[in-house]
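Observations on chain architecture
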Amino acid sequence: MPGLDRPAAPASARRDERGAALQPQLDAFLRRHEDELIAFRRDLHRHPELGYAEHRTTRLVVERLTAAGLRPRVLPRGTGLFCDVGPEEGPTIALRADIDALPLQDEKENVPYRSTVPGVAHACGHDVHTVMVLGAGLFLAQQAAAGLLPGRVRLLFQPAEETPGGALDVIAAGGIAGVDRAFALHCDPRNEVGRLGLRSGPITAACDKVYVKVTGPGGHTARPHLTADLVYALAKIVTELPSALSRRVDPRSSLSLVWGRVSAGSVANAIPDDGIAEGTVRCLDDEAWHRAPDMMKSLLQSVAAAYDVEATLEYVRGVPPTVNDPASVQMFRDAATQVIGEEGVVPTPQSLGGEDFGWYLESIPGALARLGVRTPGSPAEYDLHRGDFDVDERCVGVGIRVLTATALTALWDGGRPAEPEPMEGAALA
């Protein structure tokens, strides 16, 4: 019969066809809902809530999803939720937003959405992340109702990213059970609206806290030979541990120990009997991150023993590195090319900042991308975690387009492709 021997269209051609069909539907959805979603974002910005206190935010998201006919599930602590969209058959893709704010004063002036909560502000863009995943979920719910969703999308609204630890609550509650792949966007004030920053491999670092306490008998500074010179020993620990630790791992891991507080003694002529040093360990390599506590404990004991002092280490885990899966980054790229154009996809650098999206990627493949939020041509240099942080709200529509197209691309490609297509642009590898 005619046509039976016709070769299948290449994957890129099929994506182009689907993208062409998706664009007018997204355009129509945003014409109807973009103003409403921006108003939702402004309401969240006016009423920020700290980690594990996001009760109002959780309630508003639940109400909006329920009104769309969905069945959100609130996490056991009472803040944060997840919600499935679409049929159970086929792959499951997760889109993640974080919903908590920061303990910072909102310093913006002359904006109607300035925080009304003293000392609390959405200075990292989590209100934007929340509304982008909400908007994508509402659009995908329409697609599911029309029978056009080839699988399931799970919306994750995570509490306490800044604490951190909210990702572990989502995981413990079954939030990624059955999920094949996870995606997230993070606001990037260095990039203009309409741009998406991508990177394969480590994109953010592990971030742990360390507390070292050194003790000795104390004594007079005139007779250090009769006691343990604790301040000198502490200085050796502070200076030798960072360099020694970095020599125990592959330099490409970017393992870094930096002290933020050192304290010992109270007068000039007395050797104290205790001292402390506090700092952070950051790392881009997952294996080195897992090895870091034991390595640091061993090095600390060897330096302390050389100066006859006792040293104890409290090592507090923060978050693992966020390591982007190349196939997932390719899906982000393919989707963004459909909805914002190839020129909008740009490489993004690694950061030694922490991001607990890394906890999800310890279990399932996925990717975090950086969404441009700066007004094109603006001389303003807003940064994250600052009281004057703000976004060009056109980024909301861009983010909804990118997340929607990425979820659909991942579903169309089966969630876990065996062999991703080669990535265009060596800078993204």
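A short tour of the structure in this document, coming up.

Criteria and cut-off values
The residue count restarts for each chain, going from 1 along the sequence in the order it is written. Only residues with pLDDT of at least 70 are given local features in this predicted model, and only at 80 or more are side-chain atom pairs given and counted; all residues enter the totals for whole chains, interfaces and linings. Excluding hydrogens and water, the side-chain figures rest on all heavy atoms present in the structure. Helix and strand definitions follow DSSP, with helices as H or I runs of at least four residues and strands as E runs of at least two, each counted in order from the N terminus. Think of it in three bands: residues with accessible area under 20% of the maximum for their type are buried, residues over 50% are exposed, and the middle band is partly exposed, with areas taken using a 1.4 Å probe on protein chains only. Contact definition: two residues touch when any of their heavy atoms are within 4.5 Å. Per-residue and other accessible areas follow the Shrake-Rupley method at a 1.4 Å probe size, with only the shown protein chains counted as cover for residues. Under the pairing criterion, centres of Phe, Tyr and Trp rings, with the six-membered ring standing for Trp, must be within 6.5 Å; the plane angle then separates stacked pairs below 30 degrees from edge-to-face pairs above 60, leaving the rest tilted. DSSP calls a pair of strands paired once it identifies at least 2 bridges connecting them. Interaxial angles span 0 to 180 degrees and are taken between N-to-C directions of axes, which are lines fitted to C-alpha atoms, for helices over the stretch in contact. Here roughly perpendicular refers to angles of 65 to 115 degrees, roughly parallel to angles under 35, roughly antiparallel to angles over 145, and oblique to all remaining angles. The crossing is said to be left-handed when, going from far helix to near helix, the turn is anticlockwise and less than a right angle, and right-handed when the turn is clockwise. Under the convention adopted here, Pro, Cys and the residues Ala, Val, Leu, Ile, Met, Phe, Trp and Tyr are nonpolar, Asp, Glu, Lys and Arg are charged, and Gly plus all remaining residues are polar. Any Lys or Arg side-chain nitrogen located within 4 Å of an Asp or Glu carboxyl oxygen qualifies as a salt bridge.

Take the overall build of the protein chain next. A tally of helices and strands in the protein chain yields 9 helices and 16 strands. In the protein chain, buried positions account for 52% of the 429 residues. Within the protein chain, contacts between residues at least 6 apart in sequence are counted, and of these 81% link residues at least 24 apart. Accessible surface for the protein chain amounts to roughly 18,400 Å². Of this, 51% is attributable to carbon and sulfur atoms.

Two descriptors summarise a pair of aromatic rings, namely the distance from one centre to the other and the angle between the planes of the rings. Scanning all chains against the criterion turns up 5 aromatic pairs. Their ring planes at 75° and their centres at 5.5 Å tell us that Phe29 and Phe139 sit as a pair that is edge-to-face. Here Phe29 is found in helix α1 (residues 11-46), whereas its partner Phe139 is found in helix α3 (residues 126-145), with 110 residues between them in sequence. On the accessibility criterion, Phe29 (1% relative accessible area) is buried.

Before going further, it helps to spend a moment on the sheet that holds strand β10 (residues 256-264). Taken together, the 4 strands give an open sheet; going across it, the order is β10-β12-β8-β13, and neighbouring strands pair in antiparallel fashion. The open sheet is flanked by β10 and β13 (310-319), the only strands paired with a single partner. Going across the sheet, the axis of each strand differs from the next one's by a mean of 15°, ignoring polarity. Both β10 and strand β12 (residues 274-283) contribute to a ladder of 8 bridges, which runs antiparallel. Looking across to β12, one finds that Ser256 is bridged to Arg282. Taken strand by strand, helix α5 (residues 230-246) contacts β8 (206-215), β10 and β12, and its axis lies near 170° from that of β10. Relative to β13, helix α6 (residues 286-306) is tilted by about 165°, and along the sheet it contacts β8, β10, β12 and β13.

Within the secondary structure, Phe183 is located in strand β5 (residues 181-192). Exposure remark for Phe183: the relative accessible area of 0% places this residue in the buried category. Expressed as a C-alpha distance, the spacing of Phe183 and Leu95, which sit 88 residues apart in the sequence, is 5.1 Å. Residues in contact with Phe183, not counting those within four places in the same chain, are Ile93, Ala94, Leu95, Arg96, Ser328, Met331, Phe332, Phe357, Ala367, Thr406 and Ala410.

A separate point is the packing of helix α2 (residues 55-67) against α3. Each pair of packed helices can be described by the angle between their axes along with the distance between the axes. Running from amino to carboxyl end, α2 crosses α3 at an angle of 10°, the nearest separation of the two axes being 10 Å. Here α2 lies roughly parallel to α3, going by the angle between them. For the pair α2 and α3, the sense of crossing is right-handed. Of the residues in α3, those touching α2 at Val61, Arg64 and Leu65 are Thr130, Leu134 and Leu138. The residue inventory of the contact of α2 with α3, partitioned by class, reads 4 nonpolar, 1 polar and 1 charged.

If you walk through the whole model with that rule in mind, you get 25 salt bridges. The partner of Asp27 in a salt bridge is Arg401, with the nearest N and O atoms 2.8 Å apart. Separated by 374 residues along the polypeptide, Asp27 in helix α1 and Arg401 in helix α9 (residues 394-412) bring together distant segments of the chain. Note on Asp27: relative accessible area 27%, which makes it partly exposed. For Arg401, a relative accessible area of 17% translates into the label buried. Across the pair Glu393 and Arg41 runs a salt bridge whose closest N-O atoms are separated by 2.8 Å.

Here the residue pair Thr163 and Pro164 is connected by a cis peptide bond, since its omega of -10° sits within 30 degrees of zero. A positive phi angle, close to 55°, is found at Asp308, a residue other than glycine. Inspection of the secondary structure assignment puts Asp308 in the loop between α6 and β13. Even without glycine at this site, His385 takes up a positive phi of about 60°.

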